[in-house]
Amino acid sequence: MPEIEIHKVTAHIGARVSGVDLSRPLDAETVTALREALNVHKALVFDDVHLDDEGQQAFARHFGDITTAHPTVPAVEGAPNVLPVDSERGRANHWHTDVTFVLNPPQASTLRSINVPPYGGETLIASSAAAYRDLPEPLRRLADTLWAEHTNDYDYAVPHEAIDEEKAAQRAQFTSITYRTVHPVVRVHPLTGERGLFIGGFAQRIVGLSVPESGKLLDLLQSYVTRPENVLRWRWSPNQLVLFDNRITQHYAIDNYDGLPRRLHRVTVAGDVPVGIEGKESYSIEGDASHYTSVAA
Ligand SMILES: [Fe+2]
């Protein structure tokens, strides 16, 4: 078996992995090595993977139970655990962590490139651990005490009058079940003990603050997540797979490809209920996601 090679892409986030054939079942040693690399680098890129949906799901299952495609958005036809990430069906050009509006968001996401535009279409992935470390001491102390409400039911910064009929239908589907969950703003990673800012686009309000106050504070904290030094800018080639740790990253799909076709397939691994620095768990206010995900131990 060839040795696994791991090469950093940037100082704070991202590594390329070679020497692993993802189309075969992985032995326990290899899975452990990949998990350790994920803990350190947060996002791992694999080239020349040549997987189909089945193969992508089998790879994701090495890290835990997989979720269904999404709590409200339909799966790829015939593949209930695979979410199509298709430019035809919306653009995720906003910073977010996947599905944080549910009580136990996925612990990890895999994205596999099916169709990539000839230019643009990069995915940005940010380390929220690096963001937390960058906070000046007084802000870090403040963040440590905060909890935020995450929801799927808000406008993606698009004014109502700018939404056409198709977009309105997509939005109605996205919010067909309303979810509201309160998570710690500083989440402790269950495997590493590392702290990260757990906010992103679905975090709409800080508990105890008004919406305008929340917006200012969230913007301030978010500015540390999106520092260029904390971000991997991944330019896709065909047949690549990116595995990222959804507990301690945010991502953003850049809409810079003139509407050309772009399609990735996403498979996510079921996650645990987040825990803050004092050991207190997230709690749900509204919305049952048991049809979408099991709860990882
Ligand atoms: Fe996403």
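Residues numbered from 1 in each chain as written. Predicted model: local features only at pLDDT ≥ 70, side-chain atom pairs only at ≥ 80, totals over all residues. Heavy atoms only, no water.

Peer 1: Describe the overall build of the protein, listing the residues and the values that go with them.
Peer 2: Across its full length, the protein holds 6 helices and 16 strands. Per-residue burial over the protein gives 52% buried out of 297 residues. Long-range pairs, those at least 24 residues apart, make up 82% of the contacts in the protein with a sequence separation of at least 6. Carbon and sulfur atoms make up 52% of the accessible area of the protein, which totals about 13,200 Å². (Helix = DSSP H or I, 4+ residues; strand = E, 2+ residues; numbered from the N terminus. Buried < 20%, exposed > 50% of the residue type's maximum accessible area, 1.4 Å probe, protein only. Contact = heavy atoms within 4.5 Å. Areas by Shrake-Rupley, 256 points an atom, 1.4 Å probe, with all protein chains shown as cover.)

Peer 1: Residues and numbers for the coordination of the iron ion, please.
Peer 2: Taken together, His 96 (NE2), Asp 98 (OD) and His 251 (NE2) make up the protein donors of the iron ion, found 2.1 to 2.2 Å from the metal. The sequence pattern formed by the donor residues of the iron ion is H-x1-D-x152-H. In this pair, His 96 is assigned in the loop between strand S4 (83-86) and strand S5 (108-115) and His 251 in strand S14 (residues 249-253), connecting sequence segments 155 residues apart. In this structure His 96 comes out as buried when scored by relative accessible area, which is 7%. (Donors = N, O, S within 2.8 Å, 3.2 Å for Na, K, Ca; no water.)

Peer 1: Which residues make up the sheet that holds strand S12 (residues 231-234), and what values go with them?
Peer 2: Spatial ordering of the open sheet is given by S12-S6-S14, a layout of 3 strands whose pairing is antiparallel. Of all strands in the sheet, those bounded by a partner on one side alone are S12 and S14. Between one strand axis and the next, the sheet turns by 20 degrees as a mean value, whatever way the strands run. (Pairing = 2+ DSSP bridges. Axes fitted to C-alpha atoms, helices over the stretch in contact; angles between N-to-C directions.)

Peer 1: I'd like a rundown of the nonpolar core, residues and numbers included.
Peer 2: Among the nonpolar cores identified, the biggest contains 25 residues, and Leu 22, Leu 34, Leu 44, Phe 46, Phe 59, Leu 241 and Leu 243 are the most heavily contacted of them. When contributions to this core are tallied by element, the ones reaching two or more residues are strand S2 (15-18), helix H1 (28-41), strand S3 (43-46), helix H2 (53-61), strand S13 (241-245) and strand S15 (263-269). For this core, the element with the highest residue contribution is H1, accounting for 4 residues. Excluding residues that lie within four positions of it along the chain, Phe 59 makes contacts with Leu 22, Leu 26, Leu 34, Phe 46, Thr 110, Leu 241 and Leu 243. Judged by nonpolar contacts, the second largest core, of 23 residues, contains Ala 143, Val 186, Ile 199 and Leu 217. (Core = buried A, V, L, I, M, F, W, Y, C linked by side-chain atoms within 4.5 Å.)

Peer 1: Explain the packing of aromatic side chains to me, and be specific about the residues and the numbers.
Peer 2: Taken as a whole and assessed by the stated rule, the structure comprises 8 aromatic pairs. Relative to Phe 174, the ring of Phe 101 lies with its centre 5.9 Å away and its plane at 75 degrees, an arrangement referred to as edge-to-face. On the criterion of sequence distance, the pair formed by Phe 101 in the loop between S4 and S5 and Phe 174 in helix H5 (residues 165-174) is long-range, its members being 73 residues apart. On the basis of relative accessibility, which here comes to 0%, the residue Phe 101 falls in the buried class. Here the aromatic rings of Phe 174 and Phe 202 are separated by 6.3 Å at their centres, their planes lie at 20 degrees, and the arrangement is stacked. Here Phe 174, found in helix H5, pairs with Phe 202, found in the loop between strand S10 (195-197) and strand S11 (203-206); they are 28 residues apart in sequence, far enough to count as distant. Classification of Phe 174 as buried rests on a relative accessible area of 13%. Taking the relative accessible area as the measure of exposure, Phe 202 reaches 4% and is therefore buried. Here a set of aromatic residues connected by ring pairs shows up, and it is made of Phe 101, Tyr 154, Phe 174, Tyr 179 and Phe 202. Cation over ring: Arg 187 sits above Phe 198, and NZ or CZ is 4.8 Å from the ring centre. Sitting over the ring of Trp 147, Lys 280 keeps its end group 4.5 Å from the ring centre. (Phe/Tyr/Trp six-rings, centres within 6.5 Å; stacked < 30°, edge-to-face > 60°. Lys NZ or Arg CZ within 6 Å of the ring centre and 35° of its normal.)

Peer 1: How would you summarise the sheet that holds S15 if you had to cite specific residues and measurements?
Peer 2: Taken in spatial order, the 7 strands line up as S1-S2-S3-S13-S5-S15-S4 in an open sheet, and their pairing is mixed. Both outer strands of the open sheet, strand S1 (5-8) and S4, are each paired with one neighbouring strand and no more. The mean angle between the axes of side-by-side strands here comes to 25 degrees, regardless of whether they run parallel or antiparallel. Note that S1 and S2 share 4 bridges and pair antiparallel. Residue pairing for S2: Ile 6 is matched across the bridge by Val 17. The sheet strands contacting H2 are S3, S5, S13 and S15, and the helix crosses S15 at an angle near 30 degrees.

Peer 1: So what's going on with the pairing of strand S7 (residues 147-151)? Which residues, and what values?
Peer 2: Judged by how many residues are buried, S7 sits mostly within the fold: 5 of 5 residues are covered. Side-chain alternation along S7 places Trp 147, Glu 149 and Thr 151 on one buried face and Ala 148 and His 150 on a second face that is also buried. Judged from the 5 bridges that link them, S7 and strand S8 (residues 180-184) form a sheet pairing that is antiparallel. Bridge pairing in S8 places Trp 147 opposite Pro 184. Here S7 runs beside S11; their pairing, made up of 3 bridges, is antiparallel. Within S11, the residue paired with His 150 across the bridge is Ala 203.

Peer 1: Quick one: what's the story with unusual backbone geometry, residue by residue and with numbers?
Peer 2: Here the phi dihedral of His 50 falls at roughly 45 degrees; this positive angle occurs in a residue that is not glycine. Mapping His 50 onto the fold places it in the loop between S3 and H2. For His 50, a relative accessible area of 56% gives the class exposed. Positive phi, close to 60 degrees, is recorded for Asn 239, a residue that is not glycine. A relative accessible area of 29% means that Asn 239 is categorised as partly exposed.

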